[in-house]
Amino acid sequence: LQNPLPQENNAATAINAGIGYRDIVRIALFAALIAVLGLVPKFDLPLAAGVPITVQTLGVMLAGLILGARNGALSVLLFLFVVALGAPVLSGGRGGLGVFFGPTVGFLVGWVFGALAVGFVYQQLLKFMPAKRFIAALLACWLGGILVIYAFGIPGIALVTGMEIAKATMASLLFVPGDILKSLLAAWVAARLPVDRHVTFGASR
Amino acid sequence: MISLYISSTTWLHRIPAGAKLAGLAIASVLVLPVGDWALLSIACTAAVAVYFSLGAPGVARLWSLRILLPLVLGIGLFQGLVMSWESALVSVFRILFMVMLADLVTASTPMQDMMRVVLPLVAPFKLIGLKPKTLALSVALVIRFIPVLAAQWAAQSDAWRARSGRRPGFKLIIPFISRALARTDQIAESIAARK
C-alpha cells in the first residue's frame, strides 16, 4: 500500500513506511460514510412519484472522487463486506446476506466498479482540465456513478427475476433522475472541498 | 452497534456457521434452474415455517422483511404485464425464498462467527497484500466510525444552527467530510504509533 503519511509526521512515517494505515483508515471512513448516508430517511423524488431513491450512491461517487480509483473501490467493497456480515447499514435498515440474493444485487456489485470508474475518469480528466474540477467530477460521476452502475444493475435485475434486459432497463430508468441529482451534489462537493483534504491531489504531494 | 443477529439459542443457532453458509451457497445454485412456481411456493412456505419455529423473535424478523414487498411486488406486476403471469410468480417466489434463506443465516449467526468463517477464506489474498488481520481491523474501524460520524454530523449541524439560526442545508457536507478526513489522519497516526 502506498500513500505514506505526509513528511511532517516523521516519527509516524518511520514506523508506518509502506503499510499505509492512512489508506486503511480512509477506506474505513468512506465505508462508514456510505452507511451513515443510509440513515438519511428516504425521500421521494417528485419527478417519479413514489419511487424511493437512496442517497447511498452519493457516498459511492464521493469515495471514487475523493479517495481515488483503488481506495474508493476498496471502501465500497469493505462496506459490502460489513453488510454481508449482518450490519443493517443499507438504506432502510437492510443488510445481511439476503440483499445479495435480492433484485438489487447487481447495483451493489456495480457500486464497486462505479467507484473505481469514477476515481479513474476523474483523475484522467483532471490532467486535461486541472482548473475545472466541477466539470471533471460531474463527467466522472455520469460515466462511473451512473453508466457503470447501471451496466451491472440491469443485468442483475434480469438475472434474479428472469426479465429481459430491455425490460429491466425500462424499469430502471425511473431511478436515473435521482442519480443525476446525486452526481451534481457529489461533483459540487468534490469541487469545493479544500485541496489539501483531497486525496486525489494529496497523492502527488 | 445494532446487528441483524437475533441473540437467542434456537436449533438454527446451534448449526455451525460454516455449514449454514455452505448450505446457502448450494441452495442458491440449485434454485436458479427451477422454473415451477408451485415448487418454489412450497419452498417459500418451508422458509416461513423455519421463521415460525424460531419463536416470537423469528416471527418479528419475518414481519420486518415486509419492506421488501413493494419492490418485489412491483417487479412481479411489471413482469406479469410485459411477459407472463407464470414467469412473474416464479421470480417473485424465487426472490422471496432466497432472501428469506440468506436472512435466516444472518439472523442465527453472530458477526464474530461469520468473521471466523470468512477470515480463513481471504488467506489466499495475502499474496496481493490483504492480510486477514488488516480486514478485521478495517471492519472494526467501520463499525466504530458509524456512530462517530453520525454524532459529528449532529454536532456540526447544531453549530450551524447556533450561528445562523437556520437549518443546515446540504452545504454542511463539505465541512463534514473535511473534518472527518482530518480525523482519519490522527487515527492513522495513533494506530501507527501503537504498532
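This report concerns the structure included in the present document. (Residues numbered from 1 in each chain as written. Chains lettered and ligands numbered in written order. Predicted model: local features only at pLDDT ≥ 70, side-chain atom pairs only at ≥ 80, totals over all residues. Heavy atoms only, no water.)

## As for the overall build of chain A
Test applied: Counting from the N terminus, the helices are DSSP H or I runs at least four residues long and the strands are E runs at least two residues long. Residue exposure (1.4 Å probe, protein chains only): buried if accessible area is under 20% of the type maximum, exposed if over 50%, otherwise partly exposed. The contact rule is simple, with two residues in contact once any of their heavy atoms fall within 4.5 Å.
The helix and strand tally for chain A stands at 9 helices and 2 strands. When the helices and strands of chain A are listed from N to C terminus, the series reads α-α-β-β-α-α-α-α-α-α-α. By the burial criterion, 60% of the 205 residues in chain A qualify as buried. Within chain A, contacts between residues separated by at least 24 positions form 64% of all contacts whose residues are at least 6 apart in sequence.

## Quick word on the overall build of chain B
The following threshold applies: Between the two quantities, the radius of gyration covers C-alpha atoms and the globule rule is 2.2 Å times the number of residues to the power 0.38. Note on areas: these come from Shrake-Rupley sampling with a 1.4 Å probe, and a residue is covered only by the protein chains present in the view.
When helices and strands are counted, chain B shows 9 helices and 0 strands. What you see for chain B is a C-alpha radius of gyration of 23 Å, clearly larger than the 16 Å of a compact globule of 195 residues, by over 25%. C-alpha extents for chain B along the principal axes are approximately 60 × 45 × 35 Å. Going through the 195 residues of chain B one by one, you find that 41% of them count as buried. At a minimum sequence separation of 6, the contacts of chain B that also span at least 24 residues come to 65%. When the accessible surface of chain B is split by element, carbon and sulfur atoms take 70% of a total near 10700 Å².

## Describing the interface of chain A and chain B
Put simply, the rule is: In this description, buried area is defined as the sum, over both parts, of the accessible area (probe of 1.4 Å) that is lost when the two are combined. A side-chain nitrogen of Lys or Arg and a carboxyl oxygen of Asp or Glu constitute a salt bridge if their distance falls within 4 Å. Polar contacts here mean pairs of N or O atoms no more than 3.5 Å apart (in protein, one a potential hydrogen donor and the other a potential acceptor; neighbouring residues in sequence count only if both atoms are side-chain atoms).
Every contact between the two is made by 56 residues of chain A and, on the other side, 58 residues of chain B. Here chain A and chain B share an interface that buries about 5000 Å² over both sides, 83% of which is from carbon and sulfur atoms. The largest share of the area that chain A buries against chain B comes from Tyr21(A), Leu85(A) and Phe101(A), three residues that together contribute 14% of it. Between Arg22(A) and Asp185(B) there is a salt bridge; the shortest N-O distance is 3.2 Å. Summed over the shared surface of chain A and chain B, the number is 3 residue pairs in polar contact (both at pLDDT 80 or more). Looking at the side of chain A that touches chain B, the elements that each hand over two or more residues are helix H1 (10-16), helix H2 (21-37), helix H3 (56-67), helix H4 (69-84), helix H6 (133-161), helix H7 (165-172) and helix H8 (176-192) of chain A. When residues in the side of chain A that touches chain B are grouped by element, the largest group, 13 residues, is from H2(A).

## Some points on the nonpolar core
Short version of the rule: Think of a nonpolar core as a cluster: buried Ala, Val, Leu, Ile, Met, Phe, Trp, Tyr and Cys residues, connected wherever their side-chain atoms sit within 4.5 Å.
Ranked by size, the top nonpolar core spans 114 residues in total, and within it Phe30(A), Leu65(A), Phe79(A), Trp111(A) and Ile177(B) carry the most contacts. Residues contacting Ile177(B), with those up to four places away along its chain left out, are Phe30(A), Leu33(A), Leu62(A), Ile66(A), Val189(A) and Leu193(A).

## Thoughts on the packing of aromatic side chains
Selection rule: Aromatic pairs are defined between Phe, Tyr and Trp rings, using the six-membered ring for Trp, whenever the two ring centres lie within 6.5 Å; interplanar angles under 30 degrees are classed as stacked, those over 60 as edge-to-face, and all others as tilted.
Taken as a whole, this structure holds 4 aromatic pairs over all chains when the rule is applied. A centroid spacing of 6.3 Å and a plane angle of 35 degrees characterise the contact between Phe79(A) and Trp111(A), whose relative ring orientation is tilted. Of this pair, Phe79(A) sits in helix H4 while Trp111(A) is found in helix H5 (residues 105-128), placing the two residues 32 residues apart along the sequence. Accessibility expressed as a relative area gives 0% for Phe79(A), which makes it buried. Judged by relative accessible area, Trp111(A) falls into the buried class, the value being 6%. Ring centres of Trp153(B) and Phe176(B) lie 5.0 Å apart, and the angle between their planes is 80 degrees; this geometry places the pair in the edge-to-face category. One end of the pair, Trp153(B), is in helix H8 (residues 132-164); the other, Phe176(B), is in helix H9 (residues 173-194), with 23 residues separating them in the sequence. The exposure class of Trp153(B) is partly exposed, given its relative accessible area of 32%.

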